[in-house]
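Given next are the chains, with one letter for each unit.
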Amino acid sequence: MENSPHIKKELTGYIIRDVFSSLGLSIYILADTYFIAYAVGPIGLAALNIDLPIFNLFNGLGLMLGIGGATIFSINKSKHPEKSRSIFTQVLSFGILLGLIIMAFGLIFIHPLLHLLGANHETLAPSLTYLRIILIGSPLFIINNLVLSFVRNDSNPHLTMIATLSQSLFVIIFDYLLMFPLHMGMMGAAMATICSPIVSLLILTQHRHHPQRLLTLQHLTLRFKPTFKAIQLGFPSFLTEMSTGVSIFVFNIVILHLSNNYAVAAYGIIANILLVGLSLFNGVAVGVQPIVSREFGKHHWDNVKTSLKIGLLSALGIAVGLYLVLIGLKLPIIEIFNHEHNQQLIRYASAGIPLIFISFFFSSMNIVNNLFMTAIAQPRLSFFVAIMRGYIVLIASVLVLSSLFGLTGVWVSVPLTEILIFIMGMLITRNLLKIIDQWY
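This report concerns the structure included in the present document.

Moving on: the side chain of S247. Positionally, S247 belongs in helix α9 (residues 224-258). Classification of S247 as buried rests on a relative accessible area of 11%. Setting aside residues up to four positions removed in sequence, S247 forms contacts with Y267 and L394.

Have a look at this one:
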């Protein structure tokens, strides 16, 4: 019922810390791409792009359990602290078990998995080397994303920023050491990557010294209802994260059908830059989520609406800046990842960048808007929008437009999808805000 004068300052602090965390992760993504492109060449870049959807699976599962569980944690924090304390142990245990199952099945069926992802005779060997090691680290990736979400929601976004930046710095340094002085190629890149969540988790253990900490590990009792509720709330976040992996998978298949591995390598550059932008927008969204969930639990409707507005404007501002940089520095950016100066790669990437990154103007607000729905306990609406955005509209767009306009259609399908979802999502949110006004 109240609009706190401190809400904007608190929200800005959360957003800045989480965007910096995402920026650190983005620098790591770009550095990993650069080192592989330099050490292995365009085929290594194409192989990395084939394996990327598996990363999205790990991150998506971690976010599903983390965002879903942390939303329950925040909503109950002030009125039902006993529920907040128990949910962490429940979802953490489930996350560990899930990671071990994925690791086992992934390693057993790794060859069929790579063929499904689009590996061919040129990319199979480097893809296999990289993915085999990454699968071993699957429980670590899931647990890290889960714990980051809970610590952030337990009033400690500063520590999550430090953990994320530290793991990114670690990977950059060890990527270089393992790939160049030690000449370990794709294996070195993968080994550096699976160590990164260990660095983050070690730093996050310092949360036990936080004076406002509510988060604790408790004796595990097998109760599936809280975990199921967390999965239900976090499933839209999983779908949003996995939509990137699905789009990379579909685009790889379509591009290989239309062109060759160099076009896939060009898309690998574009996809990694796209991941950077989406990561920054997600940083804004996860910065907004704890405040929205808390204020929603307290029935402070004005603060809920203020948080959404600031989140949308912040994400859009980042999108505008990113697009201007990408257009102004298009060729130098491509050359960073094109050590061999391959002209095919330059031609494909130059054509794609101005078109596909128009999507930033709309994806920025779509990500914030979707997580807002989750934060106010509307998982069904968030689920619907996430399904439409990442799967139905996107896949239909790329299949239809690529058949009509070739590679140009592939690039245009991304902004078209985001525009349609923006219109749909904002209409849904507008209706939700009208309901909130009636409550008020």
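Further notes follow.
Let us now look at a nonpolar patch on the surface. On the surface, a nonpolar cluster with roughly 410 Å² of combined accessible area is contributed by I16, F20, L23, I27 and L165. By residue number, the principal contributor to the nonpolar patch is helix α1 (residues 7-39), which donates four residues. On the secondary structure map, F20 appears in helix α1.

Here helix α13 (residues 343-356) spans 20 Å end to end across 14 residues, near enough to the 20 Å set by a 1.5 Å rise per residue. Of the residues making up α13, those classed as buried are L345, I346, Y348, A349, S350, G352, I353 and I356.

Before going further, it helps to examine the environment of R380. Mapping R380 onto the fold places it in helix α15 (residues 379-405). A relative accessible area of 71% means that R380 is categorised as exposed. Between the C-alpha atoms of R380 and L233, which are 147 residues apart in sequence, the distance is 8.4 Å.

One way to put it is that helix α11 (residues 301-328) packs onto helix α14 (residues 360-375) with a least axis distance of 8 Å and a crossing angle of 155°. Put simply, α11 runs roughly antiparallel to α14. For the pair α11 and α14, the sense of crossing is right-handed. Within the contact between the two elements, α11 uses V304, L308, G311, L312, A315, L316, A319, V320, L322, Y323 and L326 and α14 uses F360, F361, S364, M365, V368, N369 and F372. Its residues assigned to classes, the contact of α11 with α14 comprises 15 nonpolar, three polar and no charged.

Next up on the list: the pattern of salt bridges. Within the structure shown, the criterion is met by three salt bridges. A salt bridge links E10 to R294; the nearest nitrogen and oxygen atoms lie 2.7 Å apart. You can see E10 sitting in helix α1 and its partner R294 sitting in helix α10 (residues 261-297), a full 284 residues away along the chain. Note that D18 and R152 form a salt bridge whose closest N and O atoms lie 2.5 Å from each other. With D18 in helix α1 and R152 in helix α6 (residues 138-153), the pair connects residues that are 134 residues apart, well separated along the chain. Grouping residues by exposure puts D18 and R152 together as buried.

Backbone geometry at H183 places phi at a positive 55°, although glycine is not the residue there. Relative to the assigned elements, H183 resides in the loop between α7 (157-179) and α8 (185-204).

Counting 141 residues, the largest nonpolar core has Y130, F251, I255, Y267 and F357 as its most contacted members. The leading source of residues in this core is α10, at 22 residues. If near-sequence neighbours (up to four positions away) are discounted, I255 is found in contact with N260, A263, V264, Y267, L407, V410 and W411.

Further remarks concern the packing of α6 against α7. One can describe the packing of α6 onto α7 by two numbers: an axis separation of 8 Å at closest approach and a directional angle of 150°. Put simply, α6 runs roughly antiparallel to α7. You can see that α6 and α7 cross each other, and the crossing is left-handed. Contacts between α6 and α7 involve N144, L148, V151 and R152 from the first element and P157, L159, T160, A163, T164 and Q167 from the second. Residue classes in the contact of α6 with α7 are distributed as five nonpolar, four polar and one charged.

Moving on: α1. Between its first and last C-alpha atoms α1 spans 48 Å; for 33 residues at 1.5 Å apiece the expected length is 48 Å, and the two agree. Phi for G41, located one or two positions after α1, is positive at around 100°.

Thresholds applied
- Residues numbered from 1 in each chain as written.
- Predicted model: local features only at pLDDT ≥ 70, side-chain atom pairs only at ≥ 80, totals over all residues.
- Heavy atoms only, no water.
- Helix = DSSP H or I, 4+ residues; strand = E, 2+ residues; numbered from the N terminus.
- Buried < 20%, exposed > 50% of the residue type's maximum accessible area, 1.4 Å probe, protein only.
- Contact = heavy atoms within 4.5 Å.
- Patch = residues over 30% accessible without salt bridge, like charges linked within 9 Å, V, L, I, M, F, W, Y side chains within 5 Å.
- Areas by Shrake-Rupley, 256 points an atom, 1.4 Å probe, with all protein chains shown as cover.
- Salt bridge = Lys/Arg side-chain N within 4 Å of Asp/Glu carboxyl O.
- Expected span 1.5 Å × (residues − 1).
- Axes fitted to C-alpha atoms, helices over the stretch in contact; angles between N-to-C directions.
- Parallel < 35°, antiparallel > 145°, perpendicular 65-115°, else oblique.
- Left-handed = near helix turned anticlockwise from the far one by under 90°.
- Nonpolar A, V, L, I, M, F, W, Y, C, P; charged D, E, K, R; others polar.
- Core = buried A, V, L, I, M, F, W, Y, C linked by side-chain atoms within 4.5 Å.

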